[in-house]
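Each chain is listed here by its residues.
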Amino acid sequence: MVKGWEWDDTLFLGSAPYYQRGRLPYAPGLPDVLAETLMLDGRGRLLDVGCGPGTLALSLAHLFSEVVGVDPDSGMIAEAERRADDAGVPGRTRWLRARAEEFPAGLGTFTVATFGQSFHWMDRDVVASTVKDVLRSGGALVHISDLKTEIRTVEGLPHPAVPYSAISSLTRQYLGADRRAGRGVLLHGTPGDEAAVFTRAGFADPRRHVVPGGQALERTCEDVAAWVFSLSSSAPHLFGERRDAFEADLGRLLRDVSPSGRFSERRPSTEVFVWRKPQ
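Conventions and cut-offs
- Residues numbered from 1 in each chain as written.
- Predicted model: local features only at pLDDT ≥ 70, side-chain atom pairs only at ≥ 80, totals over all residues.
- Heavy atoms only, no water.
- Buried < 20%, exposed > 50% of the residue type's maximum accessible area, 1.4 Å probe, protein only.
- Helix = DSSP H or I, 4+ residues; strand = E, 2+ residues; numbered from the N terminus.
- Pairing = 2+ DSSP bridges.
- Right-handed = clockwise from strand over helix to strand, strands pointing away.
- Phe/Tyr/Trp six-rings, centres within 6.5 Å; stacked < 30°, edge-to-face > 60°.
- Axes fitted to C-alpha atoms, helices over the stretch in contact; angles between N-to-C directions.
- Parallel < 35°, antiparallel > 145°, perpendicular 65-115°, else oblique.
- Left-handed = near helix turned anticlockwise from the far one by under 90°.
- Contact = heavy atoms within 4.5 Å.
- Nonpolar A, V, L, I, M, F, W, Y, C, P; charged D, E, K, R; others polar.
- Salt bridge = Lys/Arg side-chain N within 4 Å of Asp/Glu carboxyl O.

Q: So what's going on with the pairing of strand β2 (residues 66-71)? Residues and values would help.
A: With five of six residues buried, β2 lies mostly within the body of the structure. Of the pairings in the sheet, the one linking strand β1 (residues 45-49) to β2 comprises five bridges and is parallel in character. The partner of Arg45 across the bridge, within β2, is Glu66. Remark: the β1/helix α3 (residues 55-60)/β2 crossover connection has right-handed handedness. Strand direction decides the pairing type here: β2 and strand β3 (residues 93-97), joined by five bridges, are parallel. The partner of Val67 across the bridge, within β3, is Thr93. For the segment spanning β2, helix α4 (residues 74-87) and β3, crossover handedness is right-handed.

What follows is the structure in structure tokens.
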């Protein structure tokens, strides 16, 4: 866990309705890369740990006979259930509200376990060991995130870039300089070095894949506002009675940058690490 910070259930309080609209999507080739790399054929079981509103799990549901998503936020679980109904796959999906550190008994074994930009919020050594126990022999742990090292520009696209720096400055005016996280603050961010954690847990043979992004996206002011409220550091509840004022200021900031209310963006590339539970 992050030193000096403790998880609490307000971390993403109120963010679930904004998550799918606000967050940039994974690179579109991700399901195909995982299908080929893991030799998925519509059988097997997927465990998506920290599933949020089902973003990753639902995109992979066609590759498994059953998908189980686990998340501690009740709003995220409700949103995942709604989206599974809309996608026509409720019979192949289960959504459990629980912390990854407290998996309920009786889930059975899984072919693949995924972490889609969620592992950094967990007691990572505990969770890695627990996931290893529920994976079948030779099963795969897959850690997925946006590629952090690439530089994306909107050169050649029709609308201005999202003014992320100005949005961050505005958020700090309302919430303070320290990054908020639930009822606490993160003075030094979340941890990295997942490789050391997975190695300690007994996973082996890591393979890295990069799924190329760069596809052009068009974003509205409402999309950008949804992105702000999808973040733990600016979850809706953190603004309290000042939320309406913040939204008004954010709207003015965005319209000053783009009077049309449109912004250009590019999808990030997706970085994938596949680890194996030894036979």
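After that view of the structure, there is still more to cover.
Q: An account of the packing of aromatic side chains is requested, with residue identities and associated values reported.
A: Tallied over the full model, the rule gives 14 aromatic pairs. Centre to centre, the rings of Phe229 and Phe246 are 6.0 Å apart; their planes meet at 65 degrees, and the pair counts as edge-to-face. Here the residue Phe229 occupies a position in helix α8 (residues 221-230), and Phe246 occupies one in helix α9 (residues 243-257), the gap between them amounting to 17 residues. Note on accessibility: Phe229 and Phe246 belong to one class, buried.

Q: I'd love a proper account of the packing of helix α6 (residues 164-175) against α9, names of residues and values included.
A: It is at 11 Å that the axes of α6 and α9 come closest, and there the two elements cross at 160 degrees. Of the possible angle classes, the one that applies to α6 and α9 is roughly antiparallel. Of the two elements, α6 crosses α9, and the hand of that crossing is right-handed. Contacts between α6 and α9 involve Ala166, Ile167, Leu170, Thr171 and Tyr174 from the first element and Ala245, Phe246, Asp249, Leu250, Leu253 and Leu254 from the second. Across the contact of α6 with α9, the residue classes tally to nine nonpolar, one polar and one charged.

Q: Please set out the sheet that holds strand β5 (residues 135-146) residue by residue, giving values where relevant.
A: With mixed pairing, seven strands are arranged side by side in an open sheet as β3-β2-β1-β4-β5-β11-β8. Each having just a single partner strand, β3 and β8 (204-211) make up the two edges of the open sheet. Ignoring which end each strand starts from, the neighbouring axes of this sheet average 20 degrees apart. Sheet strands in contact with helix α2 (residues 30-38) are β4 (110-116), β5, β8 and β11 (270-276), and its direction is about 20 degrees off that of β11.

Q: Could you give an account of the packing of helix α5 (residues 124-134) against helix α7 (residues 194-201), naming the residues involved and the relevant values?
A: Following both chains from N to C, one finds α5 and α7 inclined at 50 degrees, their axes separated by 9 Å at the closest point. It follows that α5 is oblique to α7 by the angle criterion. Judged by the sense of rotation from one axis to the other, the crossing of α5 with α7 is right-handed. Contact residues: α5 offers Arg124, Asp125, Ala128, Ser129 and Lys132, while α7 offers Glu194, Val197, Phe198, Arg200 and Ala201. Taken together, the residues that form the contact of α5 with α7 break down as four nonpolar, one polar and five charged.

Q: Please provide a residue-by-residue account of the pattern of salt bridges, values included.
A: In the structure shown here, the tally under the stated rule is 16 salt bridges. The partner of Arg45 in a salt bridge is Glu66, with the nearest N and O atoms 2.8 Å apart. Residue Arg45 is found in strand β1, and its partner Glu66 is found in strand β2; the two are separated by 21 residues along the sequence. Judged by its relative accessible area of 17%, Arg45 is buried. The salt bridge partner of Glu271 is Arg208, with a shortest N-O separation of 2.8 Å. Here Arg208 lies in strand β8 and Glu271 lies in strand β11, a separation of 63 residues in the sequence. Overall, Arg208 belongs to the partly exposed group, its relative accessible area being 47%. What you see here is one network of salt bridges that share partners, running through Asp8, Asp9 and Arg183.

Shape is all these values report; function is a separate question.
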